[in-house]
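# Structure assessment
For reference, the chains in residue letters:
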Amino acid sequence: MHWLELLVELTLMPLVAFAIGLLMVLMMRRIAARLQRRIGPPFLQPLYDIVKLFSKRTQTSHGLLHEFGIVMAVGGYVAAETLLPVPGMNGIAEKGGMITLLYLTMIPSLGLALGVGQCANPNGSIGISRALTAMLAYDIPFVVVIAGVAMHFGTTNLVDVVAQQQAGGIEAWGVTQMPLLALAGLFALQGMLGKQPFEIYVAPAEIATGPMVEMGGKFLGGLFVMQCFQLYTASVLYVTLFLGGGENWITFLAKSFAVLLIPMSLAFLFPRYRTEDMLTMLWKWPMLLGLLGLVFVGS
Amino acid sequence: MIGALDALLLLALLAVPLSGLLATSRPGRWLLVAGYVAQFSLLAALGSGTAPASALTFDLLGNTVGWRFDSLGWFFAMVTVGAAGFAAAYASGEWGDAHHANGGSLRWLYGGLQINVLAMLLLLSSSDFISLFIGWELTSWSGLILMLLGGSEAIRAALRYIVYAIAGGMAVFAGMLVTHAAAGSLQFDVVQGAVASMSSGQLWAIALLFIAGFSVKMGTMPFHLWQAPAYAFSPGPASAFLGSISARMGLFAIALVAFKLIGVSQLDRLSIVTDRFDLRDLLAWVAVFTAILPTFVAMRQNDARLLLGWHGVGQGGYMLLGLVIADELGSAGGLLHVFNHATYQAILLMAVFAVIHRTGTADLNRLGGLVARMPLSFLAMLIGIIGLAGLPPMNGFVSKWMIYRALILDGQPLLFVATVVSTLGTVLSVYKLLHNTFLGQLRLEHESVREAPWSMTVPMLLLCVVVFVTGVAPGLVLQYVAAAQQAIGLEPVAFILGGIEADSGSLDMLWITAILFAGFGIGAVLFYLMGGRSKRVHQLDNYAGGHFLTADVQYQYSDNFYAGLMHRIKPWYRDTFAWAESALVSVLGVVSSAARGFFDQANPASWALIGTTVVMTWMMWHALA
């Protein structure tokens with residue numbers, strides 16, 4: 001591939017991800033509004049919010065690491081998006097694969113954890129301890145899913161996974177071939193998005209929004225950007241593993257937004273679990289489904 | 001003309017008395033560091049591949065005993081001498097003076113370090129079972145010197161270690177006897193040839209005895225209880241050396257005996273449940289449990305040294321797991337992890353001991369906020385924990401990735417999931433280490449703490465460069481790993497500078513790292529060039545839920561850091577293994593006190609009377625019936 005073409009892809013992929021992520025945030029807020037019988041925010045509200053947060057006059061920093069944590073949180077996702085193939089663009093997806101992507105997406109979380117740690121606020125630290133526990137909770141079933149998918153397609157290369165599904169049509173899609181794993185993946189997805197019922201680490205009334213407690217201005221703005229990327233990454237990864245990726249941009253977008261509809265609709269109907277119950281929940285049902293799914297993949 | 005190997009061994013031998021002489025003065029200690037540089041250069045000059053044999057050789061019981069490096073031993077030896085050199089440099093400046101002033105013995109520290117290196121070189125270059133056993137015992141006992149230097153707690157742990165080490169040595173010796181009986185020789189080449197004609201019973205005995213004996217040193221479950229306290233409480237540089245490489249001698253010996261001498265095809269004769277589950281599968285599961293359980297034990301520790309010690313045990317599980325998968329990718333991952341672990345574990349222990357040097361404690365509930373006072377030590381620990389947790393772009397990620405991939409391709413999804421469980425646990429645990437030491441609120445008594453002296457930070461930061469560079473360009477190390485694989489009869493891994501290129505999924509760390517740093521760059525541009533200027537505030541300028549904060553209020557979340565998780569998983573492991581060990585001890589105690597009671601009996605005749613009565617009653621009962 002020509003280097004210029006690659007450079008364009010590497011620039012476009014995070015930009016597109018960000019734009020779609022903004023729309024996903026909008027969708028999340030509109031769903032919440034509908035369920036709560038409100039009208040919801042206007043189309044450009046997520047963008048307004050970021051601009052507002054960045055241009056606030058009071059920007060409180062607790063030190064270099066606080067700032068660098070935000071840089072890592074945003075930058076890590078910018079990097080991760082180039083490993084996630086989208087229609088017409090593979091970026092450097094073939095240099096990494098799904099395991100690398102899984103671990104690369106831990107870098108933003110680490111950045112956030114470092115930044116919060118520097119703030120010296122125990123509410124933040126408690127939040128991070130809970131967030132990391134949540135990661136342990138949802139990543140174990142998610143890894144079962146990854147293992148099953150990698151075994152089924154015989155590769156960890158996401159480009160190959162998409163190509164195999166698209167060559168075989170809907171019968172070859174991950175979701176038809178491995179329905180149990182796809183179901184387990186939905187549980188993990190719910191955890192990954194950090195929405196109810198798995199958002200004890202934010203718990204505004206108890207620990208003052210946890211990791212966000214000392215975040216204001218562009219620090220919070222950075223986390224907002226991170227959330228856009230997070231929504232995009234989670235849903236596109238699910239589409240890539242189970243729904244045949246995107247044949248073109250229209251089906252790709254349709255699938256990505258459709259996938260997010262499920263966890264988002266569920267989120268606003270449930271109260272939050274305590275940490276212990278979240279662990280029990282995520283280590284019981286998705287694990288059972290996932291392990292059963294693995295048996296079918298193996299046989 | 002003296003051979004290169006002999007020159008190396010002689011230098012190492014000569015450096016032992018020199019260490020005793022020179023260690024008390026600063027220039028003397030720098031000379032000793034230069035001695036390690038010389039040993040490292042000599043070793044590097046020997047080169048990977050078939051090196052010349054030592055001139056030291058003798059006949060014993062019809063066996064020729066000798067020493068010669070192959071690529072496997074050489075690879076381990078490079079890591080060993082390198083680790084010792086960094087440890088020696090770390091102690092050469094202010095740390096050594098402080099240790100001396102506090103009544104610690106530098107002569108024993110440096111002498112013990114050099115004796116360890118010598119013993120390990122002898123073990124790693126052994127070329128028959130007798131030299132292997134000599135090296136094994138020397139290594140076991142010389143480790144004890146360093147462990148005993150750490151004071152009362154360390155001595156208790158060291159006494160425990162002795163029992164394990166003797167038991168392990170006995171198993172190895174018994175394995176040698178069975179081998180001699182089965183093969184008629186203790187020469188490696190003769191044994192190698194005889195393995196195919198051994199009965200599976202003989203092979204079982206040999207494999208089990210050797211692997212159990214060597215596993216003791218590895219700290220593989222169920223022999224894992226001694227290691228963390230024994231390594232953790234020895235003085236800083238000794239702890240860094242022991243923690244980074246010492247336990248890997250067990251892995252080396254397993255690789256040598258199980259793979260080079262017995263061989264994978266012969267090992268696969270040892271099936272447990274038909275063809276579905278054999279000795280290698282058993283070892284893989286043992287390795288996985290060794291990777292998981294100690295990790296979650298580490299998470300509970302409140303002493304930074306013990307936390308790292310338990311992770312050392314756990315990471316050993318990855319290495320063994322990679323090795324027993326025995327395909328090109330997995331075994332390369334396992335061997336590469338030896339190098340990677342040695343580098344980041346040394347950094348982490350050095351950073352912890354730098355904190356101890358400045359604050360006097362490694363108690364994770366009595367530290368915090370030190371990033372503002374010791375930024376370089378923080379940076380070192382950050383790079384170290386990214387390596388230990390196995391996240392890109394540090395070297396720990398590459399070796400773990402290779403093991404994951406091998407497990408998936410090998411059709412072992414459960415083992416894969418289990419290793420990732422261990423990795424996730426490690427992420428949690430190392431964040432606790434970093435957070436409780438360097439992040440959060442700085443304590444009042446640490447307001448005036450300064451950065452560690454350059455003699456301590458420079459070795460740490462140099463190792464950080466190694467961890468980063470070998471993470472970005474793992475091909476630099478993989479060439480030696482591939483040679484080591486060939487030396488033990490495995491397929492060598494096909495690698496590129498940036499990692500692995502394969503049809504079923506590649507890894508190119510050059511690209512991954514470049515894109516990651518580009519991402520950080522974009523993040524930095526967005527953050528620093530857009531929006532308002534940020535203003536630095538004091539750490540007490542914080543949201544405290546309406547409370548008024550002053551510096552004397554402890555406002556740091558550190559104790560029982562993962563309370564929710566612990567609440568859930570604690571009932572799952574109630575110190576089962578510690579219980580089993582103490583049960584064994586009490587059974588032995590009861591038996592020995594019974595024996596002693598019998599021996600000390602004031603009136604033995606009464607026992608004889610009781611015994612005779614019982615026997616006669618029994619006989620009469622039978623006669624009547």
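Residues numbered from 1 in each chain as written. Chains lettered and ligands numbered in written order. Predicted model: local features only at pLDDT ≥ 70, side-chain atom pairs only at ≥ 80, totals over all residues.

On a plain count of helices and strands, chain B comes out with 25 helices and 8 strands. For a compact globule of 625 residues, the expected C-alpha radius of gyration is about 25 Å, and chain B comes in at 27 Å, within 12% of that figure. Along the first, second and third principal axes, the C-alpha atoms of chain B reach 100 × 65 × 55 Å. When each of the 625 residues of chain B is scored for burial, the buried share is 55%. Long-range pairs, those at least 24 residues apart, make up 78% of the contacts in chain B with a sequence separation of at least 6. (Helix = DSSP H or I, 4+ residues; strand = E, 2+ residues; numbered from the N terminus. Rg over C-alpha atoms; globule rule 2.2 N^0.38 Å. Buried ≥ 20, exposed ≤ 12 C-beta atoms within 10 Å, placed from the backbone. Contact = placed C-beta atoms within 7 Å.)

Once that is clear, we can look at the packing of helix H3 (residues 71–92) of chain B against helix H16 (residues 328–359) of chain B. Residues and elements named next belong to chain B. As a packed pair, H3 and H16 sit with axes 10 Å apart at the nearest point and diverge in direction by 5°. Taken together, H3 and H16 sit at an angle that is classed as roughly parallel. Two secondary-structure elements touch here, H3 through Phe75, Phe76, Val79, Ala83, Phe86 and Tyr90 and H16 through Leu335, Val338, Phe339, Ala342, Ala346 and Met350. (Axes fitted to C-alpha atoms, helices over the stretch in contact; angles between N-to-C directions. Parallel < 35°, antiparallel > 145°, perpendicular 65-115°, else oblique.)

Another aspect to go through is the environment of glycine 309 of chain B. Residues and elements named next belong to chain B. By the secondary structure assignment, glycine 309 is in helix H15 (residues 304–325). By the C-beta count within 10 Å, which is 29 here, glycine 309 ends up buried. Distance in space between the C-alpha atoms of glycine 309 and leucine 349 is 9.0 Å, their sequence separation being 40 residues. When sequence neighbours within four positions are dropped, the list of residues in contact with glycine 309 reads Gln227, Ala228, Pro229, Tyr231, Ala232 and Gly243.

Now for the interface of chain A and chain B. Chain A puts 70 residues into the contact, and the matching count from chain B is 63 residues. Among the elements of the structure, strand E1 (60–61), helix H3 (64–81), helix H4 (98–104), helix H5 (106–118), helix H6 (122–153), helix H11 (217–242) and helix H13 (275–298) of chain A are those that each provide at least two residues to the side of chain A that touches chain B. At 17 residues, the largest contribution of residues to the side of chain A that touches chain B is made by H6 of chain A. Class assignment for the residues of the side of chain A that touches chain B results in 32 nonpolar, 28 polar and 10 charged. (Nonpolar A, V, L, I, M, F, W, Y, C, P; charged D, E, K, R; others polar.)

Moving on, we come to the sheet that holds strand E7 (residues 507–508) of chain B. Each strand in a sheet pairs with its neighbour through backbone hydrogen bonds, running either in the same direction (parallel) or in the opposite one (antiparallel). Residues and elements named next belong to chain B. A sheet is described by the order of its strands in space; here 3 strands give the open sequence E5-E6-E7, paired in antiparallel fashion. If you trace the sheet from one side to the other, it starts and ends with strand E5 (495–496) and E7, each paired once. Examined bridge by bridge, E5 and strand E6 (residues 499–500) share 2 bridges and lie antiparallel to one another. From the neighbouring strand, isoleucine 496 faces E6, where its bridge partner is glycine 499. (Pairing = 2+ DSSP bridges.)

Counting residues in hydrophobic clusters, the biggest one holds 324 residues, and the most contacted among them are Ile347, Met350 and Val481 of chain B. Apart from the residues within four sequence positions on either side, valine 481 of chain B is in contact with Phe75, Ala332, Leu335, Leu336 and Val493 of chain B. (Core = buried A, V, L, I, M, F, W, Y, C linked by C-beta atoms within 7 Å.)

Here we come to the domain arrangement of chain B. Its domain assignment divides chain B into domain 1 (270–524 + 555–573) and domain 2 (576–624). Of note, the centres of domain 1 of chain B and domain 2 of chain B, computed from C-alpha atoms alone, are 51 Å apart. (Domains from an automatic or database assignment.)

This part is about helix H9 (residues 200–218) of chain B. Residue and element names in this part refer to chain B. An ideal rise of 1.5 Å per residue puts 27 Å on 19 residues; H9 measures up with 26 Å between its terminal C-alpha atoms. Those residues of H9 lying buried are Leu203, Ile206, Ala207, Leu209, Phe210, Ile211, Gly213, Phe214, Ser215, Val216, Lys217 and Met218. Buried residues along H9 sit in contact with helix H7 (152–183), helix H12 (248–262), helix H13 (264–267), helix H14 (279–300) and H15. Following H9 by one or two positions, glycine 219 adopts a phi angle in the positive range, close to 75°. (Expected span 1.5 Å × (residues − 1).)

Note on placement: threonine 617 of chain B falls in helix H25 (residues 604–624). Taking the C-alpha atoms as reference points, threonine 617 of chain B and tyrosine 480 of chain B, 137 residues apart in sequence, are found 73 Å from one another.

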